[in-house]
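Residues per chain, in single letters:
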There are 4 protein chains.
Amino acid sequence: MTADTIGLLYIPLGIEDMSVTRVFTSDNCTPVSEPILAALNAANAGMAPSYGLDEYSTRLEHLACELFETELKIFPVATGTAANALALSQITPPYGAIYCHEAAHVMVDEAGAPEFFSGGAKLIAFPSIDGKITPAQLDGAVAYAREMGVHHVTPGAVSLSQTTEWGAVYSQTEVAALCDAAHQHHLAVHMDGARFANALARLECSPANATWRRGVDVMSLGATKNGALCADAVIFFNSALAHDFEQRRKRAGHLWSKTRFLGAQLLAYFKDGLWLANARHANAMAAALERGLAPIRGVSLLHPPEANELFVILPEQWVKALETEEFHFYRWGWPRKDGVMIRLVASYATQAADVEDFIAAVKRAATC
Amino acid sequence: MTADTIGLLYIPLGIEDMSVTRVFTSDNCTPVSEPILAALNAANAGMAPSYGLDEYSTRLEHLACELFETELKIFPVATGTAANALALSQITPPYGAIYCHEAAHVMVDEAGAPEFFSGGAKLIAFPSIDGKITPAQLDGAVAYAREMGVHHVTPGAVSLSQTTEWGAVYSQTEVAALCDAAHQHHLAVHMDGARFANALARLECSPANATWRRGVDVMSLGATKNGALCADAVIFFNSALAHDFEQRRKRAGHLWSKTRFLGAQLLAYFKDGLWLANARHANAMAAALERGLAPIRGVSLLHPPEANELFVILPEQWVKALETEEFHFYRWGWPRKDGVMIRLVASYATQAADVEDFIAAVKRAATC
Amino acid sequence: MTADTIGLLYIPLGIEDMSVTRVFTSDNCTPVSEPILAALNAANAGMAPSYGLDEYSTRLEHLACELFETELKIFPVATGTAANALALSQITPPYGAIYCHEAAHVMVDEAGAPEFFSGGAKLIAFPSIDGKITPAQLDGAVAYAREMGVHHVTPGAVSLSQTTEWGAVYSQTEVAALCDAAHQHHLAVHMDGARFANALARLECSPANATWRRGVDVMSLGATKNGALCADAVIFFNSALAHDFEQRRKRAGHLWSKTRFLGAQLLAYFKDGLWLANARHANAMAAALERGLAPIRGVSLLHPPEANELFVILPEQWVKALETEEFHFYRWGWPRKDGVMIRLVASYATQAADVEDFIAAVKRAATC
Amino acid sequence: MTADTIGLLYIPLGIEDMSVTRVFTSDNCTPVSEPILAALNAANAGMAPSYGLDEYSTRLEHLACELFETELKIFPVATGTAANALALSQITPPYGAIYCHEAAHVMVDEAGAPEFFSGGAKLIAFPSIDGKITPAQLDGAVAYAREMGVHHVTPGAVSLSQTTEWGAVYSQTEVAALCDAAHQHHLAVHMDGARFANALARLECSPANATWRRGVDVMSLGATKNGALCADAVIFFNSALAHDFEQRRKRAGHLWSKTRFLGAQLLAYFKDGLWLANARHANAMAAALERGLAPIRGVSLLHPPEANELFVILPEQWVKALETEEFHFYRWGWPRKDGVMIRLVASYATQAADVEDFIAAVKRAATC
């Protein structure tokens, strides 16, 4: 029920010398993807208007509309937490409920950002093994709130994570069903797309089919984990929902002055399919990990990886051996009797050799 | 998992003609206890200073110190929700976690007031059958938060309800154990005493022994349910914790101008043990209900009543029959297979005849 | 630029013995008007549904609609600060500006309640001698905000006080002009009617003509200063504006459980024109004070009283003499060279003898 | 009384082609200073721990302590608005007052960010011609608040801008006097150092002497306007004041994952005195503008520039001529009878040729 940080305690002291290899802790340890860094350098030409009036910002809006095949509004910000909290604050009243998964980043990993930005909304969390929430869960919670009336928080919004925090990917049908249920309750739907590219690569559909055509109203689209220096974005598929959103972004300190450097990153991210190429590589590395690990006796997987994350249960001894060999990863979840669960995150920067080394190391541990 | 309101849907239309009899819905349906009404009338003599500078407010502070045998600070407000949310906002940072029971009034029945007053704190709820939370639950949640570090809300405060929302009363030992655990984690402890008098009557100890001597730092003391017109109070047993609290009360719109009428109510409430007499009567009526109902075949109780509330499971048919006879009560909790749970609340105004009538009606239903 | 409190420092120590006479400090020092107290006593008959489901609440809504000749929504609360802050939070986004007078109660006397309830809105204040604000001031401020764009708070709402904090009463034409200007800027208009009855008595028009027919969207109607125990109300003349308002009231701790006692107060307040009778008496007492004081050489008035408040400039010596004679009033405003300004507030409880005594005392001081 | 944006309306449409020359609108239109861009590229080597656990963050803390000669805490963030609002929220209670200048960035240019982050604090603004506030202004405001007691916001913090928004620089003595006054009132002092390097270059003293040795408790140090891509920082000179600050930063979405790229920018900014060299150049360009403009008949200056900003009053005709020649600058302040005020901001990227061209153009306008 956690995220990147629970395992920080386990990072070996030599982390400062972390090389490019053997890192499965998180995709936010990655460097900047080369084409994005090149774009940042290229954007550094002379003076440019600030606060979103630069040409990069304008071009980004056009490109995003084209990519998603609709008239959307896109607002770049520095972090996924900012994107999520700003998006939710726009669609939830301060006295509202936000329905999400119990392991959702917005629930456990954002230090109360959604509560802060919304002015006190309450996150109500549903359990499941794979990080997905269902229409039935939503229906039940809304029915309860309606019965409670003025004494309870008012149903406000739904937030789903695509990819989920447990490495699963909602099918288009699942997204549509959840959005339909939400809309029947007059709730807007937010998609936390911190790893949206990985989900898209899995779904093999258009960005439009993965989002607004299924009913998503607003999304956080993360680029940082998949190759950017520092760039996430809030995208409203319904322009009316974006009313005054630039005010919220500004008063949260998330309107950069030199916006050209946000625009340049995202333009490069989308250009020539870089985002999908990076995501496909990450997903492929995760799949390779599974192929190598699953057959090993003593290894079990929480479920097959659908994007770039694996949750693997191993004997405690093996985990210690892997840590000793300076593989970097997080122990994950609550203590369990059948071993220790670890999370392995592959990224666009993960190399095939890393994967092979890791599999080999597990095999060595298995034969000790 | 709920409170007074979930059942509002079930209130018969004739509610406007609700007579003094047959009401077990909630103790907040009660009229004003006669001595309190008399005090209000008596306080209406001429001009008086406003905003707490009146003599009633001064005398209340003195009396409360005497009653609780310590140098406390007492701040009357209009509602229990205000008392709870103000108290919690004083001891929890906006980025903090408030640990409580999943059925706590602050969790489900205050429409997000604690989140609002605290500036976005997050309530983290523990389950249990009787509404009590334990040191072990607290320890686990705090350990998790400490591991998560900056990514999670910071442990902020603990809130327990005495009487609990499931009708149980913490023993002095239980309160002390929970407070000790909280203090070891450097967390302040809030007691939601909306029905504190009922608990005190059960515990048969001094107010001091029931609260600050066990480690409680701040409490909400409810009088409205037990006989007042409109008076609850926040009591700080540690004066340092009350720093600037009057600012919070004022900016929440909870500083009355004619404070004499709050002071007068609470003075009368405490005078000559009225609060305990009222509570004892309510508890006795609940006990009488139990004595009458428990032996009836087909009736089961969630647990024996420890204060003035009973949770009784009956066949659906019986419940309908009771409703038809214009007994007022709430159906309670989630749907269950073994019948329908109803909540019965006795109050200082409940009459022995009400209790007898109700028992007789259940017996009639049982024999149909 | 202040309110009831600045002068608290000057209250003689014997305030606890304040008799019914000689009190001109504030109308919130008054006792409860007899018909209202009688209504409270009468409402104390048996059990009654809570949280606004009682018959008093229902009757109040009907009566208020009749009185104001429109389909309004009325929400009783405990204090004027609560009424103001709740009303403003409903019509102003958290990133919005609220335009008001620099001496407005919402600006200087509510300890930041509007900022709190709105989630951080900014009050922008205009100066004037009589407490009124003008369309020109509003136009200028809105034009500035529009030019500043995303960097400034967004125009959100307008709040005017009727009676103003400097004792003046907006004419119907003035209210209409301000509302028109506000609506042209797409801003809703709030009227702080803490002393609305006094203004209405002055205007000699219908409640409708004084409010929504002139363009007021929402008002705080105060009854406490004019005879209630503790009752103010938020009134929405546009039902759409009241959407979910009951949620805001509840989560602010301002939904009483025993609402019958709020309803009963306000029903009595409006019944048989009690509110106007009380206000007319207060205004008449203020006029009598002016008639007696104005001719005295050495006395000057800030402006003629239009409701129940006078601002009088006297030599320092005289003020001291009046204080020595145990007349109660506040010194007011900033230090000035032409003497000391005091505020005199007449109320429904002010007696002609008080007025005569005061005038006589000033005359004595003048001849010393 | 405004900032960068009021003039946005006047930016010629061809802004997208803005070349490196002729730009005096704002120092936030500048590109990234070469050494900083080089550092960003160099930091892009392989994987690195995230969330501040990277070596750049560690080295930054050490370097900042060395530079300021004390044990400080430094927290990089993306924008000056974030730095200011986070810093103020740390030292001001939600019911507090923040005292600042009426033209302060926190007052008029941050869209209510301080109100938002603090949970509703109120900014109380003082006027002056040069953007400085004085101990006497502070004393008066605090005295008023203390008299008002619970009815007013509680004195919370002081914020001064160094350089001020009107281009002036507080002397060390002035800073010390203001800090002393604040501390006598038990208020913490925040310095908005968006252009701190420009002030430091003017003062020719050590960073320590310009800040904590004079009494500053916390500062926002801006690097973006003076050469960074996107980097400002909150610096606490009193570690105790920084308690839990990382929680506030995180829940505001201002904790980057790839913190190495913030650390790398600031390390390069401080290295080899780049920040001072850049600031000195900017200041010199402003001085050159003054030297060239002041002697021209028909030109008047608000006051001599003390850092990198000039406020120049010119005949309307001349201003139009300059705009036609595609010089970029903002018209500033309220309409005036003696001409049009424009703001000229020099930056590290301003070239001597720009300055000469501008002066020549004004001379041409003067002789038309």
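Everything quoted here is computed from the prediction, not taken from an experiment.

Conventions used here
- Residues numbered from 1 in each chain as written.
- Chains lettered and ligands numbered in written order.
- Predicted model: local features only at pLDDT ≥ 70, side-chain atom pairs only at ≥ 80, totals over all residues.
- Heavy atoms only, no water.
- Helix = DSSP H or I, 4+ residues; strand = E, 2+ residues; numbered from the N terminus.
- Rg over C-alpha atoms; globule rule 2.2 N^0.38 Å.
- Buried < 20%, exposed > 50% of the residue type's maximum accessible area, 1.4 Å probe, protein only.
- Contact = heavy atoms within 4.5 Å.
- Areas by Shrake-Rupley, 256 points an atom, 1.4 Å probe, with all protein chains shown as cover.
- Core = buried A, V, L, I, M, F, W, Y, C linked by side-chain atoms within 4.5 Å.
- Pairing = 2+ DSSP bridges.
- Axes fitted to C-alpha atoms, helices over the stretch in contact; angles between N-to-C directions.
- Parallel < 35°, antiparallel > 145°, perpendicular 65-115°, else oblique.
- Left-handed = near helix turned anticlockwise from the far one by under 90°.
- Nonpolar A, V, L, I, M, F, W, Y, C, P; charged D, E, K, R; others polar.
- Least-squares fit on C-alpha atoms with pLDDT ≥ 70 in both.
- Salt bridge = Lys/Arg side-chain N within 4 Å of Asp/Glu carboxyl O.
- Buried area = accessible area lost by both parts, 1.4 Å probe.
- Polar contact = N/O pair within 3.5 Å; in protein donor to acceptor, adjacent residues only side chain to side chain.

### Here we look at the overall build of chain A
What chain A contains, in helices and strands, is 14 helices and 11 strands. For 368 residues, the compact-globule estimate of 2.2 N^0.38 gives 21 Å, and the C-alpha radius of gyration of chain A, at 21 Å, lies within 12% of that figure. The principal-axis extents of the C-alpha atoms in chain A amount to approximately 60 × 60 × 35 Å. Residue burial in chain A is summarised as follows: out of 368 residues, 67% are buried. Within chain A, contacts between residues at least 6 apart in sequence are counted, and of these 77% link residues at least 24 apart. Per element, the accessible surface of chain A, about 11600 Å² overall, is 54% carbon and sulfur.

### Some thoughts on the nonpolar core
Membership of the largest hydrophobic core comes to 130 residues, with the highest contact counts inside it found for B:Tyr99, B:Trp256, C:Tyr99 and C:Trp256. Not counting residues up to four positions away in its chain, the partners in contact with C:Trp256 are B:Ala78, B:Thr79, B:Leu229, B:Cys230, B:Trp256, C:Tyr51, C:Ala78, C:Cys230, C:Phe261 and C:Leu262. Counting 129 residues, the second-largest nonpolar core is a separate cluster that includes A:Ala182, A:Ala268, D:Phe126 and D:Ala210.

### Focus on the sheet that holds strand β4 (residues 154-161) of chain D
Residues and elements named next belong to chain D. Read across the sheet, seven strands follow the order β1-β7-β6-β5-β4-β2-β3 without closing on themselves; strand pairing throughout is mixed. Each having just a single partner strand, β1 (73-77) and β3 (122-126) make up the two edges of the open sheet. Across the sheet, the mean angle from the axis of one strand to that of its neighbour is 20 degrees, orientation sign disregarded. Pairing geometry for strand β6 (residues 218-222) and strand β7 (residues 232-236), over five bridges, is antiparallel.

### Quick word on the pairing of strand β2 (residues 96-101) of chain D
Residue and element names in this part refer to chain D. Most of β2 sits inside the fold, with six of its six residues counted as buried. Bridge analysis of β2 against β4 gives four bridges, and the strand direction is parallel. Bridged to Ala-97 within β4 is Pro-155. Strand direction decides the pairing type here: β2 and β3, joined by five bridges, are parallel. The residue bridging Cys-100 from the neighbouring strand is Ala-125, located in β3.

### Here's the deal with the packing of helix α6 (residues 135-148) of chain C against helix α7 (residues 172-184) of chain C
The relative placement of two packed helices is expressed as an angle between their axes plus a distance between the axes. Residues and elements named next belong to chain C. Orientation of α6 relative to α7, taken along the N-to-C sense of each, is 15 degrees, at an axis distance of 9 Å. In terms of their interaxial angle, α6 and α7 are classed as roughly parallel. Of the two possible hands of crossing, α6 and α7 adopt the one that is right-handed. For the pair α6 and α7, the contacting residues are Pro-135, Leu-138 and Asp-139 in the first and Ala-177, Leu-178, Ala-181 and Ala-182 in the second. Of the residues in the contact of α6 with α7, the class split is six nonpolar, no polar and one charged.

### Overview of the relation of the copies chain A and chain D
Rotating chain A by 180 degrees and moving it 0.0 Å along the rotation axis overlays it on chain D with an RMSD of 0.0 Å. The relationship between the two copies is best expressed as a two-fold rotation axis. Of the residues that chain A buries at the interface, 100% are likewise interface residues in chain D, meaning the two copies contact each other through the same surface.

### Describing the pattern of salt bridges
Where charged atoms from two side chains of opposite charge approach closely, those side chains can pair. Under the criterion given, the structure shown has 56 salt bridges over all chains. A salt bridge links A:Glu174 to A:Lys132; the shortest N-O distance between them is 2.9 Å. Of the two residues, A:Glu174 is situated in helix α7 (residues 172-184) and A:Lys132 in the loop between β3 (122-126) and α6 (135-148); the sequence distance between them amounts to 42 residues. A:Glu174 gets classed as partly exposed once you look at its relative accessible area, which sits at 34%. Taking the shortest distance from any N to any O, the salt bridge between B:Glu69 and B:Arg213 comes out at 3.0 Å. Of the two residues, B:Glu69 sits in the loop between α2 (55-68) and β1 (73-77) while B:Arg213 sits in the loop between α9 (207-210) and β6 (218-222), which places them 144 residues apart along the sequence. Taking relative accessible area as the criterion, B:Arg213 reaches 35% and is therefore assigned partly exposed. Connected through shared salt-bridge partners, A:Asp27, A:Arg195, A:Glu309 and A:Arg343 make up one network.

### Thoughts on the interface of chain A and chain D
Contact with chain A, which involves 56 residues of that partner, is made by 56 residues of chain D. Of the roughly 4900 Å² buried where chain A meets chain D, counting both sides, 62% is carbon and sulfur surface. Counting every contact that joins chain A to chain D gives zero salt bridges. On inspection of chain A and its partner chain D, the count reaches 30 residue pairs in polar contact (both at pLDDT 80 or more). Of all the secondary structure elements, the ones that give two or more residues to the side of chain A that touches chain D are α1 (34-43), α3 (80-91), α5 (113-118), α10 (245-251) and α11 (260-270) of chain A. Among the elements that make up the side of chain A that touches chain D, the one with the highest residue count is α1(A) (four residues). Here the side of chain A that touches chain D is built from residues that sort into 29 nonpolar, 17 polar and 10 charged.

### Examining the sheet that holds strand β1 (residues 73-77) of chain A
Residues and elements named next belong to chain A. With mixed pairing, the seven strands of this open sheet are ordered in space as β1-β7-β6-β5-β4-β2-β3. Whereas interior strands pair on both sides, the edge strands pair on one side only; in this sheet they are β1 and β3. Each neighbouring strand pair of the sheet contributes to a mean axis angle of 20 degrees, computed without reference to strand direction.

### Details of the environment of A:Gly298
Residues and elements named next belong to chain A. The residue Gly-298 is located in the loop between α12 (274-293) and β8 (300-301) in this model. Taking C-alpha positions, Gly-298 is 10.0 Å from Lys-363, a pair spaced 65 residues apart along the chain. With sequence-adjacent residues up to four places away left out, Gly-298 is seen in contact with Ile-313, Leu-314, Pro-315 and Trp-318.

### Side note on α11(A)
Residue and element names in this part refer to chain A. With 11 of 11 residues buried, α11 lies mostly within the body of the structure. All of the buried residues in α11 are Arg-260, Phe-261, Leu-262, Gly-263, Ala-264, Gln-265, Leu-266, Leu-267, Ala-268, Tyr-269 and Phe-270. Two residues or fewer after α11 comes Asp-272, characterised by a positive phi angle close to 55 degrees.

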